[in-house]
Amino acid sequence: MNKRIVLIIGHPDKESYNNALAEAYKKGVQTSGTEIQEIIIRDLEFNPNLQFGYRKRTELEPDLLNAQKKLKWADHLVWIYPVWWGSVPAIMKGFLDRVLLPGFAFNKRKNSLWWDKSFTGKTARIICTLDQPSWYYKWFYRSPSHNAMKKLTMNFIGVKKVRITTIGPIRLSKEEFRVKWLKKVEKLGLMNK
């Protein structure tokens, strides 16, 4: 049985290398015959600010309701984004804040610090770009965005198996480097990983 994949693109610029990576991944998935849907965050109409936190509900815009349907539908979540200031782009952070809500992505237990995870059984792949070597980001900075996305977001909502592909440095990279990574990412899509 093939996976159902949702591809979430977190870069605000459609002309970015991240967008090219997303297209390469999608091409691989389509070659494999697997079902794929996309959530292109930059194209969604929504307020990225969780204005009242969890104190008061902020109604979800239609684009966010549709994104939630896609996330629930999928077996495998593929996130593609650049690492900026050790984190995800602001628009993607706003998307996470607004979409992965209690009652959807997890449920708080009454009179407890614990919660029930709504995304158990799903897997994820994170493909992110850096303007520094990936080894430097890992050993000197301890990969803060990886920890935030894998442990504090995906694992928190129940996605246990999360693989991370880090591509860097992008800044000043040569075309052959970028083409090589496009081929690798297309292969990940073909293998549904």
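Our subject is the structure listed above.
What you are looking at is a predicted structure, and each value in this text was computed from that prediction instead of being measured.

About the cut-offs
- Residues numbered from 1 in each chain as written.
- Predicted model: local features only at pLDDT ≥ 70, side-chain atom pairs only at ≥ 80, totals over all residues.
- Heavy atoms only, no water.
- Helix = DSSP H or I, 4+ residues; strand = E, 2+ residues; numbered from the N terminus.
- Rg over C-alpha atoms; globule rule 2.2 N^0.38 Å.
- Buried < 20%, exposed > 50% of the residue type's maximum accessible area, 1.4 Å probe, protein only.
- Salt bridge = Lys/Arg side-chain N within 4 Å of Asp/Glu carboxyl O.
- Phe/Tyr/Trp six-rings, centres within 6.5 Å; stacked < 30°, edge-to-face > 60°.
- Patch = residues over 30% accessible without salt bridge, like charges linked within 9 Å, V, L, I, M, F, W, Y side chains within 5 Å.
- Areas by Shrake-Rupley, 256 points an atom, 1.4 Å probe, with all protein chains shown as cover.
- Lys, Arg positive; Asp, Glu negative; His and termini not counted.
- Charge placed at Lys NZ, Arg CZ, Asp CG, Glu CD.
- Pairing = 2+ DSSP bridges.
- Axes fitted to C-alpha atoms, helices over the stretch in contact; angles between N-to-C directions.
- Contact = heavy atoms within 4.5 Å.

> Explanation requested: the overall build of the protein in the structure shown.
Counting its secondary structure elements, the protein contains six helices and seven strands. For the protein, the N- to C-terminal ordering of α and β elements is β-α-β-α-β-α-β-β-β-α-α-β-α. Here the C-alpha radius of gyration of the protein, 17 Å, is about what a compact globule of 193 residues would show, namely 16 Å. Over its C-alpha atoms, taken along the principal directions, the protein stretches across nearly 55 × 40 × 30 Å. Counting only residues that meet the buried cut, the protein has 46% of its 193 residues in that class.

> Can you walk me through the pattern of salt bridges in this structure?
A side chain with one charge can pair with a side chain of the opposite charge if their charged atoms come near. A complete count under the given rule lists eight salt bridges for this structure. Note that Glu186 is salt-bridged to Lys27, the shortest N-O span being 4.0 Å. Taken together, the residues span a long stretch of sequence, with Glu186 in helix H6 (residues 175-190) and Lys27 in helix H1 (residues 17-32) at a distance of 159 residues. The salt bridge involving Arg98 is made with Glu61; its shortest N-O contact spans 3.0 Å. Within this pair, whereas Arg98 is found in helix H3 (residues 90-99), its partner Glu61 is found in the loop between strand S2 (35-40) and helix H2 (62-73), the two being separated by 37 residues in sequence. A relative accessible area of 0% means that Arg98 is categorised as buried. A network of salt bridges, in which partner residues are shared, links Glu23, Lys26 and Glu38.

> For this particular structure, what's the right way to read the packing of aromatic side chains?
What the rule picks out here adds up to ten aromatic pairs. Relative to Phe95, the ring of Phe46 has its centre 6.4 Å away and its plane inclined at 75°; by these criteria the two rings are edge-to-face. Here the residue Phe46 occupies a position in the loop between S2 and H2, and Phe95 occupies one in helix H3, the gap between them amounting to 49 residues. Of the two residues examined, Phe46 and Phe95, each falls in the buried class. Where Trp79 meets Phe95, the ring centres are 6.5 Å apart and the plane angle is 65°; that geometry is what we call edge-to-face.

> Looking at this model, I keep getting lost on unusual backbone geometry. Mind explaining?
Negative phi is the rule for most residues except glycine; trans is the rule for most peptide bonds. The linkage connecting Gly168 with the following residue, Pro169, adopts the cis geometry, with an omega of 0°. When you line up the elements, Pro169 lands in the loop between strand S7 (161-167) and H6. Backbone geometry at Trp85 places phi at a positive 50°, although glycine is not the residue there. Here Trp85 shows up in the loop between strand S3 (76-82) and H3. Residue Trp85 is classed as exposed on the basis of its relative accessible area of 89%. The backbone of Ser143 sits at a positive phi, close to 50°, despite the residue not being glycine. Inspection of the secondary structure assignment puts Ser143 in the loop between helix H4 (134-141) and helix H5 (144-157). Given a relative accessible area of 9%, Ser143 falls into the buried group.

> Explain a positive patch on the surface to me, please; I cannot follow it from the model alone.
On the surface, Lys161, Arg163, Lys187 and Lys193 cluster together into a positively charged patch. As for its placement among the helices and strands, Lys187 is situated in helix H6.

> Help me understand the sheet that holds S7, please; the structure alone is not making it clear to me.
Think of a sheet as strands paired side by side through backbone hydrogen bonds, with each pair either parallel or antiparallel. Here we have five strands laid out as an open sheet, ordered S2-S1-S3-S6-S7, and parallel in their pairing. Each end of this open sheet is capped by a strand with a single partner; those strands are S2 and S7. For this sheet, the mean inter-axis angle between neighbouring strands, taken without regard to orientation, is 15°. Against the sheet, H1 makes contact with strand S1 (4-9), S2, S3, strand S6 (123-129) and S7, and its axis sits at roughly 155° relative to S3, the strand it touches most. Contacting S1, S2 and S3, H3 crosses the sheet at an angle of about 145° to S3.

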